[in-house]
Amino acid sequence: MPDLFDHAMNERMKSDAPLAARMRPRTLDEYIGQVHIVGEGKLLRRAIQADRLFSSIILWGPPGTGKTTLAQVIANQTKSHFETLSAILAGKSDLREVIDRAQERSRLYRQKTILFVDEIHRWNKAQQDALLPFVENGTVTLIGATTENPFFEVIKALVSRSRIFQLRNLNLSEIGTLLDRAISDPERGYGKRKISIDPEARTHLVDMATGDARNALNALELAVESTQPGENEIIHITLDVAQESIQRRAVLYDKDGDAHYDTISAFIKSVRGSDPDAALYWLAKMIYAGEDPRFIIRRLIILAGEDIGLADPMGLVVASSAAHAFDFIGLPEGIYPIVEATLYLATAPKSNTAGAYFKAMQRIEQEGAGSVPRHLQDGNRDREATGQGEGYTYPHEMEGHFTPQQYLPKRLLGTYFYTPSNQGYEDLVKNRLEQWRKAQKVALGIENETFLPDLSQEDIDNLKRNIK
């Protein structure tokens, strides 16, 4: 009798489950989207159909793209025992129990075990390390699902022993097919009800789902369940109903995940690339998704120094002022100084010559720091006894407030770290500097000039790590 009651309860839970859960595909033929990995003739499809999952796999993609569904399809297809863990809820003890059962199953029945770990990136390194030996020795075949880049969030040893399959957001046609199937399916969907959905309402639901199947089905369910049947028991889904069901477009944005870093990258690259329209778009996405505005402003201040520099010195002033103004005002009105700084920097002339600093840093790393010439040393402490500071000429006492004296260590004379661009204000700097360097060259007898080559971004990143 308990089994009968359990069966009845399970059936009732299935019927009461959300539409997205009820409509989850059970076979590859029902599966929609991801034709690049499970389309006809594709490697993964052949492996699933033949029940020969060749190795552990990691399914990587945004929410609502079918990662868990694909794992369930494999579970339905395979003769192996299928175990499931959620990395959000399960710990090492839960994993140990699964491994013990898998080992016993293999020993007694020679049956393989497939272990599906949802949100595998939520497990820390120690938890992932605990799984590794049993993936290596074949105790379990792993199917991991993650919304984050596995090359960063999953330990290298597991990644190297798995095939990575990247899932994409569903396109408009695929989302539309899902909705149509849910409306017409008499077993799991609304096929037993009389539903009429206006074309513009369907278009709205498809478009606003942004490629997320779960989001689309949840919106359809809300629209159907919240609408009273009309004449002839017809549930009429109008555009107004659809708009109420999915008022706000879902934006994938995890502040600690790929979407966070990818979006801020797109924003900064758009400002650097002098495209104010793209910059505003990515800014709006971040604010819409709840990004901390101070994080955005900090990146703008860095960009003002790194990518605009002396081409427009006001860039740093505007970005810094935006930070002060936002702290004084806050949202929502505080968005205006952020927008102003974004537009100013995007439309300003660009120069990355501030990176000349890293050339000097590289020289010091390679050769060590040179000693300070005597005439540049502090003469206030022991000038009479040691001669420190003796011979220094005060530039403001000279015509033009300039004197061509030695400022670098002797062995570096004629070495130029900074090469001004011809952009904006820096073009004026370039002309002045050429005259000063020419005078210094004559006064100090410099025969050769050395312009150091530009450093690659990799070189600069390496040097930045050494900054204490």
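Residues numbered from 1 in each chain as written. Predicted model: local features only at pLDDT ≥ 70, side-chain atom pairs only at ≥ 80, totals over all residues. Heavy atoms only, no water.

Chemist: Hey, could you go over the nonpolar core for me, with residue numbers and the actual values?
Modeler: Counting 29 residues, the largest nonpolar core has Ile175, Leu179, Leu220 and Ile237 as the members making the most contacts within it. Counting only elements with at least two residues in this core, the list comes to helix H2 (19-22), helix H10 (172-184), helix H11 (199-208), helix H12 (213-225), strand E7 (234-237) and helix H13 (239-245). In contact with leucine 220, not counting residues within four places along its chain, are Leu19, Leu179, Ala182, Ile183 and Leu205. Phe267, Ile268, Ala341 and Ala348 belong to the second-largest nonpolar core, a separate cluster that totals 24 residues. (Core = buried A, V, L, I, M, F, W, Y, C linked by side-chain atoms within 4.5 Å. Buried < 20%, exposed > 50% of the residue type's maximum accessible area, 1.4 Å probe, protein only. Helix = DSSP H or I, 4+ residues; strand = E, 2+ residues; numbered from the N terminus. Contact = heavy atoms within 4.5 Å.)

Chemist: Explain the packing of helix H16 (residues 293-308) against helix H17 (residues 314-329) to me, and be specific about the residues and the numbers.
Modeler: The geometry of H16 relative to H17 is characterised by a closest axis approach of 8 Å and an angle of 165° between their N-to-C directions. With respect to H17, the element H16 is oriented roughly antiparallel. Taken as a pair, H16 and H17 cross one another with a handedness that is left-handed. Here H16 contributes Pro293, Arg294, Ile297, Leu300, Ile301 and Ala304 to the contact with H17, which in turn contributes Gly315, Leu316, Ala319, Ser320, Ala322, Ala323, Phe326 and Asp327. Along the lines of polarity and charge, the residues of the contact of H16 with H17 split into 10 nonpolar, two polar and two charged. (Axes fitted to C-alpha atoms, helices over the stretch in contact; angles between N-to-C directions. Parallel < 35°, antiparallel > 145°, perpendicular 65-115°, else oblique. Left-handed = near helix turned anticlockwise from the far one by under 90°. Nonpolar A, V, L, I, M, F, W, Y, C, P; charged D, E, K, R; others polar.)

Chemist: So, the sheet that holds strand E3 (residues 113-118): which residues are in play, and what are the values?
Modeler: Strand order in the open sheet made by the five strands is E2-E3-E4-E1-E5, with parallel pairing throughout. Each edge of the sheet is formed by a strand with only one pairing partner; in this case those strands are strand E2 (81-86) and strand E5 (162-166). In this sheet, adjacent strand axes meet at a mean angle of 15° when their direction is disregarded. Pairing of strand E1 (residues 56-60) with strand E4 (residues 141-146), which is carried by four bridges, proceeds in the parallel orientation. Bridging across to E4, tryptophan 60 finds its partner in threonine 146. Across the sheet, helix H6 (residues 92-109) is in contact with E2 and E3; its angle to E2 comes to roughly 175°. (Pairing = 2+ DSSP bridges.)

Chemist: Could you give me a rundown of the pairing of E1, with the residues and numbers involved?
Modeler: Of all five residues in E1, five are buried; the element is thus mostly enclosed. Where burial is concerned, the two faces of E1 agree: the one with Ser56, Ile58 and Trp60 and the one with Ile57 and Leu59 are both buried.

Chemist: Explain unusual backbone geometry to me, and be specific about the residues and the numbers.
Modeler: Among all residues except glycine, the phi angle is most often negative; among peptide bonds, the trans geometry is most common. A cis geometry characterises the amide bond from leucine 331 onward to proline 332, with omega recorded as 10°. Mapped onto the secondary structure, proline 332 falls in the loop between H17 and helix H18 (335-347). Phi is positive for histidine 401, which is not a glycine, with a value near 55°.

Chemist: Explain the packing of helix H14 (residues 258-272) against H16 to me, using residue names and the numbers behind them.
Modeler: The N-to-C vectors of H14 and H16 enclose an angle of 40°; their axes lie 11 Å apart at closest approach. In terms of axis orientation, H14 runs oblique to H16. Crossing hand, H14 versus H16: right-handed. Each of His260, Ile264, Phe267, Ile268, Val271 and Arg272 in H14 lies in contact with H16, whose residues at this interface are Phe295, Ile296, Arg299, Leu300, Leu303 and Asp307. Of the residues in the contact of H14 with H16, the class split is eight nonpolar, one polar and three charged.

Spatial relationships are all this shows, so hold off on functional conclusions.
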